[in-house]
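# Per-entry structural report
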Amino acid sequence: MTIHNRKGFTIVELLVVIAIIGVLVGLLLPAVQMAREAARRAQCGNNIRQIALATVNFESAKKQYPGFQEAFGVAGSSLKAGTWVVSILGSLEQQNLRDVWDDSSTNALWFSDAAPRTFNPSSSELQTENFYPNISLLRCPSNPRPALLDGSPLNNYVCNAGFALDRNDSGLVTALYGRVDSETMCIKTQRKENGVFINKLPGSFGCPHDKISASDIYDGLSSTLGYSENLQADSWRYVNATNDSARYHIGMVWLYRLSDPSNTTKTPGRPADLVQPANRINGLKDTPNMIGNPEFARPSSNHPGLVMASMLDGSVVKLNENVDYHVYQALMTPKTRESDAPWNTYLLKDDDYQR
């Protein structure tokens, strides 16, 4: 009997091997993607932890929190207007850059050649790199964004800028404060019970206001939000001297809204407006070109189901995207019971918000 030695695979065997490889690849790729996302999330958490700890150091030294925008290098009427990022540069290993901002001799150059046109319409914006370099710590690796056309530095993080009234809602202004002008409304909504980072730029829209320190965080540093990610965050260069729009560009806010407006407990008891999809954590997060829109000034990220955020004690938390809006308001308000939140009697619970 003749025995034939067969070399190679039959078609059936080859197909079986290909199928097995396909199954293995199908199982492996999601695991690899999950591992990569876990690494990106860890890096983002480290970034926001460094920002939070820098703010803790700043408050400890200055006995107040930074403003979402304020003045630097002040010499008489000359100054540079910067955001909360500039305030904490020294603790972000950027002391040389902070020295540039504190040097009043650079004010004229900044004003004419680097200031945003929202601050000086005639600025040439040709010297931005000298005052606004890109800082890797301000970028979340899960939120890659193309370079901005005007050369502004990229940023993915926002500060707790407190309460924002709908500018068109005159009825709410009347109910809460009586009929008031825009300047008074700005001052009242930025009360220390409503948020942490206020407008401290002199002569800006009725500001600055009272200093806010750790001793004003009545509800506890570990229960009050300091920072979060935001997919629509603007460059940390944005400031504005004529209105409080910087709050929506480099800050997050809460609105006079509830998922169930009937739960309004604020006196005077004007019914709250209904929360809109964009207002929720991660709400409509894929919507492009909404930088500076108050509706999108809330926590959002590309991390599945959560947003990395930090409390005022420097701790980092994973905000669940299903957090109720009244819980978000309680996290944002340093003294919720005396805030203007519509459900200001709500007692925050430990398991209300973390994933």
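Everything that follows concerns the structure shown earlier in this document.
Here the structure is a predicted model, which means the values were calculated and not measured.

### Examining the overall build of the chain
For the chain, the count of helices and strands is 9 helices and 10 strands. Per-residue burial over the chain gives 49% buried out of 355 residues. Across the chain, contacts joining residues at least 24 apart in sequence account for 65% of those joining residues at least 6 apart. About 16300 Å² of surface is accessible on the chain, with carbon and sulfur atoms providing 54% of the total.

### Side note on the nonpolar core
Counting residues in each nonpolar core, the largest one holds 82 residues, and the members touching the most others are W84, W101, W110, L225 and L319. Top element by residues in this core is helix α9 (residues 325-332). It accounts for 6 residues. Each residue touching L225, except ones within four places of it in the same chain, is listed here: N160, V196, M252, A309, S310, M311, L312, L319, Y328, L331 and M332.

### Notes on the sheet that holds strand β3 (residues 157-163)
One open sheet accounts for 5 strands, arranged β6-β3-β5-β9-β10; its pairing is mixed. A single partner strand is all that each edge strand has here, and the edge strands are β6 (251-254) and β10 (316-320). Across the sheet, the mean angle from the axis of one strand to that of its neighbour is 35°, orientation sign disregarded.

### Details of the side chain of R247
Within the secondary structure, R247 sits in helix α8 (residues 246-250). What makes R247 buried here is its relative accessible area of 1%. Polar side-chain contacts of R247 include one of 2.9 Å to the backbone oxygen of A161. If we ignore the near neighbours within four places in the chain, the residues touching R247 are F68, A161, G162, F163, A164, T189, Q190, M252 and V253.

### Brief notes about empty space enclosed by the protein
Applying the stated criterion across every chain, the model contains 2 cavities of 30 Å³ or more. Approximately 40 Å³ is the volume attributed to the second largest cavity. Lining of the second largest cavity is provided by V253, L255, N279, P294, E295, A297, R298, Y325 and Y328. Of the residues that constitute the lining of the second largest cavity, the class distribution is 6 nonpolar, 1 polar and 2 charged.

### Focus on the pattern of salt bridges
Following the criterion strictly, the structure yields 9 salt bridges and no others. Between K192 and D216 there is a salt bridge, with its nearest N and O atoms 3.5 Å apart. One end of the pair, K192, is in the loop between α7 (182-189) and β4 (199-200); the other, D216, is in the loop between β4 and β5 (225-229), and 24 residues separate them in sequence.

### Some words on the state of the cysteines
Applying the stated criterion across every chain yields a total of 0 disulfides. In this structure C44 is not part of a disulfide, and its nearest cysteine sulfur, from C140, lies 3.5 Å away.

### Observations concerning the packing of aromatic side chains
What the rule picks out here adds up to 14 aromatic pairs. Aromatic rings pair up to connect F72, W101, W110, F111, F119, F131, Y132 and W236 into one cluster. Positioned over the ring face of Y132 is R237, at 5.3 Å from the centre of the ring. Above the plane of the ring of Y218 lies K335, whose end atom (NZ or CZ) is 4.6 Å from the centre.

Each value, and the rule that gives it
Residues numbered from 1 in each chain as written. Predicted model: local features only at pLDDT ≥ 70, side-chain atom pairs only at ≥ 80, totals over all residues. Heavy atoms only, no water. Helix = DSSP H or I, 4+ residues; strand = E, 2+ residues; numbered from the N terminus. Buried < 20%, exposed > 50% of the residue type's maximum accessible area, 1.4 Å probe, protein only. Contact = heavy atoms within 4.5 Å. Areas by Shrake-Rupley, 256 points an atom, 1.4 Å probe, with all protein chains shown as cover. Core = buried A, V, L, I, M, F, W, Y, C linked by side-chain atoms within 4.5 Å. Pairing = 2+ DSSP bridges. Axes fitted to C-alpha atoms, helices over the stretch in contact; angles between N-to-C directions. Polar contact = N/O pair within 3.5 Å; in protein donor to acceptor, adjacent residues only side chain to side chain. 1 Å grid on protein atoms, 1.4 Å probe; cavity = no way out; pocket = protein on both sides within 12 Å on 5 of 7 lines; lining within 4 Å. Points joined across faces, edges and corners; volume = space filled by probe spheres on them. Nonpolar A, V, L, I, M, F, W, Y, C, P; charged D, E, K, R; others polar. Salt bridge = Lys/Arg side-chain N within 4 Å of Asp/Glu carboxyl O. Disulfide = S-S within 2.5 Å. Phe/Tyr/Trp six-rings, centres within 6.5 Å; stacked < 30°, edge-to-face > 60°. Lys NZ or Arg CZ within 6 Å of the ring centre and 35° of its normal.

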